[in-house]
2 protein chains.
Amino acid sequence: MSALTDNWKTQIRKGYLDLCILTLIRSRGRVYGFDLIEQLTRAGLPLKEGTIYPLLNRMTADGLLGATWDTENVKGHPRKFYALTREGSRALDEMSEEFDRMVRIHQKLAKG
Amino acid sequence: MSALTDNWKTQIRKGYLDLCILTLIRSRGRVYGFDLIEQLTRAGLPLKEGTIYPLLNRMTADGLLGATWDTENVKGHPRKFYALTREGSRALDEMSEEFDRMVRIHQKLAKG
DNA sequence: CAATAATACTATGCAATGCTAGGTATTATG
DNA sequence: CATAATACCTAGCATTGCATAGTATTATTG
């Protein structure tokens, strides 16, 4: 893959990561950051900590996610769990619809 | 649509516009800027001049597009036509493949 | 022929993002 | 105690889409 398309990949990821993270959180119900990295990487969407934590913080600040530290005495480092708020769920619905629309438009353009 | 999802839409367009423009140029063979705006707008992807011209210039500078002024005596303002270079065609192939991959990953995530 | 409208393209500066690189804190292991 | 593993966080950079404003050329109108 050329440097040009590498840069393009960086750009088209903008927003797409939000969509995928919200989608995964809805599927799982409750997720913490490190787990998200592993699951997304396994799904073919590798990302680094420096990418996901600022992103989770932003979405929490925006009211799309609710964050709670694990209260149960879990072994190991404490974990911060994220879940969709009602607003986050609504936003995800809009995003999914828009993403589908983008896919349809691209197909239409390809077919001329 | 909320201000939040509006901003998200702006972000996810990054890169996606490149893909759509290259796709449309491949379909049409030869296109000029103003025509691109009309066709994309009609396809459901409205954009402004301030968006598309810098973008066409960048892709031309990157060697993805070749630009030629119309030599035939066309009525009205002279038009600059854009067409895919061989490198642009190769880049578009990679982008399309990556976009399909993104769509598949998103579907997988949604289904859990 | 001058004035206006329409078409095509260009330049500048902003806000928002993903990434790199580095750092911190807690627990488990030998 | 020292090391590794886990989990989280932050600063700064490059890139982008967009709004805004402007230039240049041609057609139309009076």
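Let me sum up the structure you'll find in this document. If you're wondering where the values come from, they're calculated on a predicted model, not measured in any experiment.

1. What about the protein's contact with DNA strand C?
Here's step 1: Neighbouring DNA strand C are 27 residues, the closest being Arg13, Lys14 and Thr51 of chain A together with Glu49 and Lys80 of chain B.
Here's step 2: Close to the protein, within 4 Å, the atoms of DNA strand C belong to sugar or phosphate groups at a rate of 73%.
Here's step 3: Between DNA strand C and asparagine 7 of chain B there is a distance of 3.1 Å, counted from a sugar or linking oxygen to a side-chain nitrogen or oxygen.
Here's step 4: Within the side chain of arginine 79 of chain B, an N or O atom sits 2.9 Å from a phosphate oxygen of DNA strand C.
Here's step 5: Elements represented by at least two residues in the surface near DNA strand C include exactly α2 (16-28) and α4 (49-61) of chain A together with α1 (3-13), α3 (33-42) and α4 (49-61) of chain B.
Here's step 6: Split by residue class, the surface near DNA strand C holds seven nonpolar, 11 polar and nine charged.

2. As for the relation of the copies chain B and chain A
Here's step 1: If you rotate chain B by 180 degrees and push it 0.0 Å along the axis, it lands on chain A with an RMSD of 0.1 Å. Classification of the inter-copy transformation places it as that of a two-fold axis. Among all residues of chain B, the one whose C-alpha sits closest to the rotation axis is isoleucine 12 of chain B, at a distance of 3.1 Å.
Here's step 2: Both copies share a contact surface, since 100% of the interface residues of chain B are interface residues in chain A too.

3. Observations concerning the packing of helix α3 (residues 33-42) of chain A against α4 of chain A
Residues and elements named next belong to chain A.
Here's step 1: Running from amino to carboxyl end, α3 crosses α4 at an angle of 125 degrees, the nearest separation of the two axes being 10 Å. Classified by the angle between their axes, α3 and α4 sit oblique to one another. The two elements α3 and α4 meet at a crossing, and its hand is right-handed. Of α4, the residues touching α3 (which contributes Gly33, Phe34, Leu36, Ile37 and Leu40) are Glu49, Ile52, Tyr53 and Leu56.

Calculation notes
Residues numbered from 1 in each chain as written. Chains lettered and ligands numbered in written order. Predicted model: local features only at pLDDT ≥ 70, side-chain atom pairs only at ≥ 80, totals over all residues. Heavy atoms only, no water. Near = heavy atom within 4 Å. Polar contact = N/O pair within 3.5 Å; in protein donor to acceptor, adjacent residues only side chain to side chain. Helix = DSSP H or I, 4+ residues; strand = E, 2+ residues; numbered from the N terminus. Nonpolar A, V, L, I, M, F, W, Y, C, P; charged D, E, K, R; others polar. Least-squares fit on C-alpha atoms with pLDDT ≥ 70 in both. Contact = heavy atoms within 4.5 Å. Axes fitted to C-alpha atoms, helices over the stretch in contact; angles between N-to-C directions. Parallel < 35°, antiparallel > 145°, perpendicular 65-115°, else oblique. Left-handed = near helix turned anticlockwise from the far one by under 90°.

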